[in-house]
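# A closer look at the structure
One-letter residues, chain by chain:
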Amino acid sequence: MGTTHEQFNVGGMSCSFCAESIKKAYSRTDGVEDVDVSLAHEEVLVEYDNDLLSEVEVKDTLRDLGYTIRDPDKAKRYEQQQAELADGKRRLLLAGGASIVVAALMGWMILVMGRFESSSLVMDLVTLGLALGTMFGSGRYIKEKAYQSLRRGIFNQHVLLEAGAFAGLLGGLLGLFVFPGFPTVHFFAVSVFITTYHILSEYTSLIVRTRASQAVQGLLDLQPDTARRVSDDGDVEEVPVDDLDIGDRVRVKPGENIPVDGEVVEGESTVDESVATGESIPEEKTGGDTVIGGSVNETGALLIEVTATGEDAFLNQIAREIEEARAMKPGIIQLADRVLKYFVPGVLTIAGLSFLFWVVAPLAWGAAPNVQRGAFAALAVLVLGYPCALGMATPLALIRGGGKAANRGILMRSGDAFQIFPDVDHIVLDKTGTITVGEPAVSEVVAFGADEVDVLTTAASAEAFSEHPLADAILEFADEQDVEYADPDAFGSVTGKGVRATVASDDVLVGKPGWLSDEGIDLSKRADDIERLQGRGLTVSGVVRGGNLIGLIGIGDEIKADAAETIRRMRDADITPVMITGDNERTANAVAKEIGIGRVMADVLPDEKREEIGRLQEADHRVAMVGDGINDAPALTQADIGIAIGAGTDIAIESADIVLMGDRLGGVMDAYEIGKESYRKTRQNLATAFAFNGVGVAAATTGLVHPVFAMLAMVLSVSAVLANSFAGQLLSGEGVNTEFALDEHTEGEREDGRAAAD
């Protein structure tokens, strides 16, 4: 017994106020020691004393607040998300239909019947029915949340909405049964409109979250479902991977994904381990070497002994890292929600004081208590206090920024990215596939006693039948240089070392310098050239013809054309660039020096990348992480802003807040500038919205504000926010785009990028 950690995937969260409500509820629960809430990924991590609380009681707190706990099974969780989306759509259709009918009735009353306040009894009863149906039908769940929040002393957006909705309902009932002068239809209309608006905002949020991420399941799908298990007698049977035990042996053919973490017992092959390391050049594997589940076996057959299964397997560890990082990621409270923290109780207090004033103050000048005016004032304060424009201020600025980003090939998937980016002071970049292209390519050809074309022709002919990625790089470079080469007369591959071939009657060797030395080739005179190429982080292949070294070919991962310029822009913005990579220190430092990065973290494993991000955050830095591979996913999730290269893996893309379509690195700073501008628009919108709300609430305390004028003020405030958000954009001809349009526009590019990565 003692401290227990429970992690839940929670449905029903729509804004950071929801996250704050959950935190407050747990902070007032005896036995809860700590709680972390991730709004972006709808996850709650609770640390509690199991001597004082049971798991059921911990879950009941969430359920009492009106949130749902989704099934741990990812497939079932997805089904639940789809069901929630269907329920949200149904609520919105019903509430939206009621709003349309009420608006039509009001228009008919004012424009056709020529009445401003008075209405017929039939119209009053129809709008009453629509108000009750919307509030207690489609909007019933909001009342349940508001009640549970109030019961715990939590004042949030649900409480304020219901205060406004019930104010409208009460005002309409007073007009219907007590005060004939009250504008009955208008008050009932307020109840319908603000409930519908809230349902719309929550449904929009739900769409974004449901579309977002089945990333962890996609990660685990990389591991094959079955494996060929080899018995001690040599018999082979195909079994589910889940049935394998440590010590079992499995056979993996060339071109297949390795199903488990293990150790090579027999065979030699090159293995693409970019799933783990992110590095583009495959590793040579032979007896005694370790391999990672999900890696691709490229050239030879391997017999592998299983060393890890279940939760200890690499891919499962990465999945767990992502889930933990999501739950523990530093929470961000949107600017609007920080203000609403005080705005909600403030409006409720002013409404109550307004009523008391008009009931008590007249006694001071010898008049009778003005209950009607007090009620009118309190109700008008609550109606005008519902922050419709305030609620739209941030989303509209984000839509504007999202559209501008879309025009530049940037998908802004998280509203947090707009708010946080202006405060980012460190940007951590993965190397392979982020700073570099991510594929081996010939960087330099050095010739000795022959010209470069001769060296390249000899190497390409020798490598023509090879399937090794380095051979592909040589052949591709030869094609680019229009070098003509013929197939070898004889060919043989030495796994992990190089090739030997007969080209135009000459014996040719192409391979690692160490292997060439073992073959009796004297490299002593060319040691400086080899060291220079290796110092640049290049893989060196020597080309030997007729027993003589005729040249060296340096193969590496090319740096992107805009990398150095992007790093310069970071420095100009007072942002510190940091490289983090699983590659060796020499290669990493060579790349960093070329583009101007001063801080390098090399030989870093995936879980260590996340830890390094966490250390920077603990030092009070705001951190953005840029990456493209599976090994980057935990760090992308941990960072304040995760930025994925769109040509990278799905798991990286789904773990990120921002996606750069294609592979242009300069999009990082484009996104920074757009985020900074959008946050400035957000603050302008909030100031505009609060100006209307503040003036409106103050005027409402007089008891002289008509509900129609209150709604007109809401319309004007929304119009002002809309104008500030989009007028300049429309006048400049940029247009208004959204992430949905971007998804359609760039899907082809994204598929092309993935095909290239594959």
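Here is what the cut-offs are and how they apply
Each chain has its residues counted from 1, running along the sequence as written. The predicted origin of the model limits local features to residues at a pLDDT of at least 70 and limits the giving and counting of side-chain atom pairs to 80 or more, whereas totals for whole chains, interfaces and linings rest on all residues. Side-chain metrics rest on all non-hydrogen atoms present in the structure, leaving aside hydrogens and water. Helix and strand definitions here come from DSSP, where helices need a minimum of 4 consecutive H or I residues and strands a minimum of 2 consecutive E residues; each element is numbered from the N-terminal end. Only protein chains enter the calculation, and the probe is 1.4 Å; a residue is then buried if its accessible area is under 20% of its type maximum, exposed if over 50%, and partly exposed in between. Residue contacts follow a heavy-atom distance rule, with two residues in contact if any of their heavy atoms lie within 4.5 Å. Working definition of accessibility: Shrake-Rupley area with a 1.4 Å probe, residue cover restricted to the visible protein chains. Surface patches are defined over residues having more than 30% relative accessible area and no salt bridge, joining like charges when they lie within 9 Å and nonpolar side chains (Val, Leu, Ile, Met, Phe, Trp, Tyr) when within 5 Å. Any carboxyl oxygen of Asp or Glu within 4 Å of a side-chain nitrogen of Lys or Arg constitutes a salt bridge here. Asp and Glu count as negative and Lys and Arg as positive, but His and the ends of the chain are not part of the count. The location of each charge is read from NZ of Lys, CZ of Arg, CG of Asp or CD of Glu. Note on pairing: DSSP must find at least two bridges between two strands before they are called paired. Between rings of Phe, Tyr and Trp, where Trp is taken as its six-membered ring, a pair exists when centres lie within 6.5 Å; planes separated by under 30 degrees are stacked, by over 60 edge-to-face, and by other angles tilted. Helix axes use the C-alpha atoms of the stretch in contact, all axes being lines fitted to C-alpha atoms, and the angles between their N-to-C directions lie in the range 0 to 180 degrees. In predicted models, pLDDT denotes the confidence assigned by the predictor to each residue on a 0 to 100 scale. Only buried residues count toward a nonpolar core, which is a set of Ala, Val, Leu, Ile, Met, Phe, Trp, Tyr and Cys residues joined through side-chain atoms within 4.5 Å. Each residue receives one of three labels: charged for Asp, Glu, Lys and Arg, nonpolar for Ala, Val, Leu, Ile, Met, Phe, Trp, Tyr, Cys and Pro, and polar for the others, Gly being one of them.

### Describing the overall build of the protein
Secondary structure summary: the protein contains 27 helices and 26 strands in total. In the protein, which comprises 758 residues, the proportion classed as buried is 54%. A separation of at least 24 residues holds for 70% of the contacts in the protein among residues at least 6 apart in sequence. Total accessible area on the protein stands at roughly 31,900 Å², and carbon and sulfur atoms take up 53% of it.

### As for a negative patch on the surface
Taken together, Glu439, Glu467, Asp472, Glu476, Asp479, Glu480, Asp482, Glu484 and Glu558 make up a surface patch of like negative charges. The element best represented in the negative patch is helix α17 (residues 469-480), accounting for four residues. Summarising the element assignment, glutamate 480 is placed in helix α17.

### Overview of a nonpolar patch on the surface
Among the surface-exposed residues, Leu353, Phe355, Leu356, Val360, Leu363 and Val371 lie close enough to one another that they form a single nonpolar patch of about 540 Å² accessible area. Sorting elements by how many residues they give to the nonpolar patch places helix α11 (residues 335-360) first, with four residues. Looking at the secondary structure, you find phenylalanine 355 in helix α11.

### Side note on the side chain of aspartate 49
Along the chain, aspartate 49 falls in strand β3 (residues 43-49). Although aspartate 49 is buried, it forms no salt bridge, and the closest oppositely charged side chain is lysine 59 at an N-O distance of 18 Å. Not counting the four nearest positions on each side in its chain, aspartate 49 is found in contact with Gly2, Gly31 and Glu33.

### A few points about the sheet that holds strand β10 (residues 283-285)
Strand order in the open sheet formed by three strands is β10-β9-β12, with antiparallel pairing between adjacent strands. Either end of the sheet is taken by a strand with one partner, and the two such strands are β10 and β12 (296-297). Of the pairings in the sheet, the one linking strand β9 (residues 269-272) to β10 comprises three bridges and is antiparallel in character. Within β10, the position partnered with serine 269 by the bridge is lysine 285.

### Comments concerning the packing of aromatic side chains
For the structure on display, the rule yields four aromatic pairs. On the basis of an interplanar angle of 75° and a centroid distance of 6.0 Å, the ring pair of phenylalanine 136 and phenylalanine 166 is categorised as edge-to-face. On the criterion of sequence distance, the pair formed by phenylalanine 136 in helix α4 (residues 121-138) and phenylalanine 166 in helix α6 (residues 157-177) is long-range, its members being 30 residues apart. Classification of phenylalanine 136 as partly exposed rests on a relative accessible area of 41%. According to the relative accessible area criterion, phenylalanine 166 is partly exposed, its value standing at 36%. Ring centres of phenylalanine 357 and tryptophan 358 lie 5.0 Å apart, and the angle between their planes is 85°; this geometry places the pair in the edge-to-face category. The partly exposed category is assigned to phenylalanine 357, whose relative accessible area is 44%.

### Quick word on the pattern of salt bridges
According to the stated counting rule, one finds 27 salt bridges in the structure shown. Salt bridges sharing common partners tie together Arg569, Arg664, Asp670 and Glu673.

### A look at the sheet that holds strand β26 (residues 658-660)
Picture the strands of a sheet paired through backbone hydrogen bonds; they go either parallel or antiparallel. Spatial ordering of the open sheet is given by β14-β26-β25-β24-β15-β22-β23, a layout of seven strands whose pairing is mixed. Two strands bound the open sheet, and with one partner strand each, they are β14 (410-412) and β23 (599-601). Direction aside, neighbouring strands of the sheet carry axes that sit 20° apart on average. One ladder, built from four bridges, connects strand β15 (residues 426-430) with strand β24 (residues 623-627); its direction is parallel. Its bridge partner being in β24, histidine 426 is matched across the sheet by valine 623. Each of β14, β15, β24, β25 (641-645) and β26 touches helix α25 (residues 667-700); the most contacted strand, β14, lies at about 45° to it.

### Looking at the confidence of the model for the protein
Per-residue confidence for the protein averages 80 on the pLDDT scale, and 79% of its residues sit at or above 70. The low-confidence segment residues 730-758, where pLDDT is below 50, has 43 contacts with residues more than four positions distant or belonging to other chains.

### Structural notes on the nonpolar core
Residues Leu169, Val347, Val381, Leu382 and Ala700 are the most contacted members of the largest nonpolar core, which totals 39 residues. Mapped by element, the contributors of at least two residues to this core are α3 (74-112), α4, α6, α7 (184-212), α11, α12 (371-385) and α25. Broken down by element, the residue count for this core peaks at eight residues, all from α12. Ignoring any residue separated from it by four or fewer positions in sequence, one finds alanine 700 in contact with Ala377, Ala380, Val381, Leu384 and Val705. Membership of the second largest hydrophobic core comes to 34 residues, among which are Phe421, Leu429, Ile641 and Val668.

### Thoughts on the pairing of strand β17 (residues 490-494)
Two elements, β17 and strand β18 (residues 498-503), share five bridges in a ladder whose sense is antiparallel. Its bridge partner being in β18, serine 493 is matched across the sheet by valine 499. Remark: three residues form the turn of the hairpin made by β17 and β18, two consecutive strands paired antiparallel; glycine 496 in that turn has positive phi of roughly 80°.

### Focus on the packing of α4 against helix α5 (residues 140-151)
Between α4 and α5, the shortest axis-to-axis distance is 4 Å and the interhelical angle comes to 65°. Seen from α4, the contacting residues are Met135, Phe136, Gly137 and Ser138; seen from α5, they are Arg140, Tyr141 and Lys143. Of the residues belonging to the contact of α4 with α5, the class tally is three nonpolar, two polar and two charged.

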